[in-house]
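Analysis of the macromolecular model
Here is how the chains run, residue by residue.
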Amino acid sequence: MDRIDALTEHFMSTLSEQDDDLSNFKQAVRDVASDVLAVEKNDPTWSANQVLRRIAEPDRVISFRVTWADDDGNVCINRGWRVQASNAIGPYKGGLRFHPGVSLDDLRFLAFEQCFKNALTGLPLGGAKGGADFDPRGRSDAEIMRFCQAFMGKLAPYIGPDRDVPAGDINVGPREIGYLFGAWMNAAGIYDGALTGKGLSYGGSEMRVEATGYGLIYFVQAMLARRNADITGKRVAISGKGNVATHAAEKAVCEGATVVTLSDTSGTLYAPDGLSQEAIRWVQEQKAAGKDLANPPKDFGAAFRENETPWQQSADIALPCATQNEIDEDAAKSIVDAGTSLLAEGANMPTTPDALAVLRKAGVTYAPGKASNAGGVAVSGLEMSQTSHRRFMTAEEVDAALKDIMKQIHDRAADEGQSGGKIDYARGANVAAYRKLAQAITAQGVL
Ligand code: NDP
């Protein structure tokens, strides 16, 4: 066992025994620990202050019952959570996820990662995540509204513009944010920026919807620029057909790339000569209508391949934008065989540790989601300042600011991760974010 492994194992043994069942959380902590513990040990102040141990133990975890009535008057009960990991550099910030599979393990891992992602943006944003084990599928609009109101009835005392500012995540989109914001405003008796992702008619930001996908492409462009390369003419394989995937596809096509795939849980839409903007809009319409990607219009030059993933197709760039752990070891081998030299994560943690080992061995340049998908939270940060100043930016201004922030995130991760002529973006992102958090945490005393 080398020194870093020994440090990491010792650190993992200091985590609370109650964390033993949290496998995703422990994996996320282990990945960060193996990159930052050597830095922590080299700084006597950071080491004495146990900075990483303090980030790994959330400030608080709020768990609550959500009681609501369905359309038939039946009383339904769900569990809600908010994990407030750290507010050392700004108000707690992170999305809300409604999904029957949501667990405390997922939310602890996502809140921990969010601390690092938000620190990388350069904006004053702490880290948090929340949600409920509520399944919105098949629920009426009135049921969704009642659930959101009941959920916020329990969460409202713990959030606010300077305290904790949730946003959307899986199954929490503009409709749910509207209901959640209305319920918060009703409980607080004031209008203020307690949530982001708000509609434009009540204080939202231009470009929030596009921000994660567009930001991903700006990040990839910055990676390519470091190699004196360009995205124009590159073949790009994208997974997913949701918000992140389709906006990444839209921006990649605008920048002259050939987007060969989009996908969903039923299969892959493959277009050997590239998807047009019209085809990408069709995918968005299918998603909005709850339909799959089978039977695309003939003039799109695209075929649907049932139960296939995008990763068998020859591509220069792979952008996993669907869900966590979607790229396992076999998928990583396919990506290597397909001739891909760059993979940047649009989703949160889509690449398993085994897959990452395959990519690294084959020399595929890898960008972790905490850096490459930070565009969404960055524009949420801009929304917070627009709401508080009551002055709104144009779409062009937000887009220019997003591009600038993604370039800065790239440069922080690349400069920190540079070694022997190569860039380890995962290590660079972890260490750059850690340094910022460590400075703030140690400056604020033993708390
Ligand atoms: P959406 O709900 O809009 O879309 C997700 C899509 O992924 C769905 O259409 C779903 O397909 C598809 N999908 C799920 N699992 C698979 C799979 N195994 N293979 C192929 N497709 C699959 O989500 P978002 O686009 O908002 O989020 C995607 C990811 O990006 C998540 O990990 C999220 O946490 C992350 N993210 C999102 C941000 C945002 O601003 N939205 C910000 C940062 C990260 P189907 O329709 O068949 O269910």
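This text goes with the structure placed above it.
Within any chain, residue numbers begin from 1 and follow the written order of that chain's sequence. Given that this is a predicted model, residues contribute local features only at a pLDDT of at least 70 and side-chain atom pairs are listed and counted only at 80 or more, while totals for whole chains, interfaces and linings are drawn from all residues. As a rule here, side-chain values cover all heavy atoms of the structure and leave hydrogens and water aside.

1. Things to note about the pairing of strand β3 (residues 92–98)
Put simply, the rule is: Residue exposure (1.4 Å probe, protein chains only): buried if accessible area is under 20% of the type maximum, exposed if over 50%, otherwise partly exposed. We count a stretch as a helix when DSSP gives it H or I for four or more residues in a row; a strand needs E for two or more, and each element gets its number in order from the N terminus. When DSSP locates at least two bridges between a pair of strands, those strands are taken to pair. Handedness of a crossover is defined as follows: with both strands directed away from the viewer, a clockwise route from the first strand across the helix to the second makes it right-handed.
A large share of β3 lies buried, amounting to seven of its seven residues. Sheet topology note: the β3/strand β5 (residues 164–168) ladder contains five bridges and is parallel. By the bridge assignment, Gly95 is partnered in β5 with Ala167. Examined bridge by bridge, β3 and strand β4 (residues 127–132) share three bridges and lie parallel to one another. Directly across from Leu96, in β4, lies its bridge partner Gly130. Assessed by its sense of winding, the connection that carries the chain from β3 through helix α5 (residues 104–120) to β4 is right-handed.

2. Observations concerning the nonpolar core
The tendency in soluble globular proteins is for nonpolar side chains to be buried as a group. Our working rule: Here, nonpolar core refers to any group of buried Ala, Val, Leu, Ile, Met, Phe, Trp, Tyr and Cys residues whose side-chain atoms link them within 4.5 Å. The domain limits used here are those given by an automatic or database domain assignment.
Grouped together as the largest cluster of nonpolar side chains are 100 residues, with contacts concentrated most on Leu52, Phe112, Phe116, Ile238, Leu275, Leu319 and Tyr434. At ten residues, the largest contribution of residues to this core is made by helix α16 (residues 425–443). Taken together, domain 1 (57–191) and domain 2 (211–363) each give at least three residues to this core, which thus spans both. Core analysis: the second largest hydrophobic core is formed by 27 residues, Leu96, Ile144, Leu155 and Ala183 among them.

3. Some details on the side chain of Thr387
Put simply, the rule is: Nitrogen and oxygen atoms within 3.5 Å of one another constitute a polar contact, given that in protein one can donate a hydrogen and the other can accept it, and given that sequence-neighbouring residues count only through two side-chain atoms. Residue contacts are counted whenever heavy atoms from the two residues lie within 4.5 Å of one another.
Tracing the backbone through its elements, the reader meets Thr387 in helix α14 (residues 375–389). Exposure remark for Thr387: the relative accessible area of 2% places this residue in the buried category. Here the side chain of Thr387 touches Gly203 through a polar contact of 3.3 Å, landing on its backbone oxygen. Excluding its chain neighbours within four sequence positions, the residues that come into contact with Thr387 are Tyr191, Gly193, Lys198, Gly203 and Phe392.

4. Quick look at the environment of Asp354
Residue placement: Asp354 occurs in helix α12 (residues 353–361). What makes Asp354 partly exposed here is its relative accessible area of 48%. C-alpha separation for the pair Asp354 and Leu155, spaced 199 residues apart in sequence, amounts to 37 Å.

5. What about the packing of aromatic side chains?
Operational definition: In summary, the pairing rule links any two rings of Phe, Tyr or Trp, Trp by its six-membered ring, whose centres are within 6.5 Å, and it sorts them by plane angle into stacked for under 30 degrees, edge-to-face for over 60 and tilted for everything else. Any Lys NZ or Arg CZ that is within 6 Å of a ring centre and within 35 degrees of that ring's normal is treated as a charge sitting over the ring.
On inspection of all chains with the given rule, the structure shows 16 aromatic pairs. For the ring pair Phe181 and Trp184, a centre distance of 6.4 Å and an interplane angle of 25 degrees mean the geometry is stacked. Placement of the pair is Phe181 and Trp184 together in helix α7 (residues 174–188), with a separation of three residues, close to one helical turn. Each of the two residues, Phe181 as well as Trp184, counts as buried. Chaining the aromatic ring pairs together yields one cluster made of Phe64, Trp68, Phe98, Phe134, Phe147 and Phe151. Taking NZ or CZ as reference, Arg108 lies 4.1 Å from the ring centre of Phe25, over its face. When the ring centre of Phe181 is taken as origin, the NZ or CZ atom of Lys198, which lies over that ring, is 5.8 Å away.

6. Topic: empty space enclosed by the protein
To keep things clear, this is the line we draw: Cavity: a set of points on a 1 Å grid over the protein atoms alone where a 1.4 Å probe fits but cannot get out. Pocket: an open set with protein on both sides within 12 Å along at least five of seven lines, its lining residues, like those of a cavity, having an atom within 4 Å of a point. Grid points are joined across faces, edges and corners, and a volume is the space filled by probe spheres set on the points. The classification used treats Ala, Val, Leu, Ile, Met, Phe, Trp, Tyr, Cys and Pro as nonpolar, Asp, Glu, Lys and Arg as charged, and all other residues, Gly among them, as polar.
Evaluation of the coordinates by the stated rule reveals one cavity of 30 Å³ or more. Considered as a void within the structure, the largest cavity measures approximately 40 Å³ in volume. Forming the boundary of the largest cavity are Phe25, Ile55, Ala56, Pro58, Val83, Ala85, Arg108, Ala111 and Phe112. If you tally residues by element for the lining of the largest cavity, the top one is α5, at three residues. Looking at the lining of the largest cavity residue by residue, the classes come out as eight nonpolar, no polar and one charged.

7. Details of the sheet that holds strand β1 (residues 60–69)
Put simply, the test is: Under this scheme, a helix contributes an axis fitted over its contacting stretch, all axes are lines through C-alpha atoms, and angles between N-to-C directions fall in the 0 to 180 degree range.
With respect to topology, five strands assemble into an open sheet ordered β1-β2-β4-β3-β5, the strand pairing being mixed. Here the strands that pair on one side only, and so sit at the sheet edges, are β1 and β5. Taken pair by pair, the neighbouring strands of this sheet meet at an average axis angle of 20 degrees, ignoring direction. Across six bridges, strand β2 (residues 75–86) lies against β4 in antiparallel orientation. Bridge pairing links Trp81 to Gly131 in β4.

8. Considering the pattern of salt bridges
In plain terms, the rule: Whenever a carboxyl oxygen of Asp or Glu lies within 4 Å of a side-chain nitrogen of Lys or Arg, that contact is scored as a salt bridge.
Applying the stated criterion to the full structure yields 21 salt bridges. The salt bridge partner of Arg82 is Asp164, with a shortest N-O separation of 2.7 Å. One end of the pair, Arg82, is in strand β2; the other, Asp164, is in strand β5, with 82 residues separating them in the sequence. This pair shows no difference in class: Arg82 is buried, exactly as Asp164 is. Between Lys198 and Glu383 there is a salt bridge, with the nearest N and O atoms lying 2.9 Å from each other. You can see Lys198 sitting in the loop between α7 and α8 (211–226) and its partner Glu383 sitting in helix α14, a full 185 residues away along the chain. Like Glu383, Lys198 is buried. Because the salt bridges share partners, they merge into one network encompassing Arg226, Lys407, Asp411 and Asp415.

Treat this as a map of the structure, not an account of what it does.
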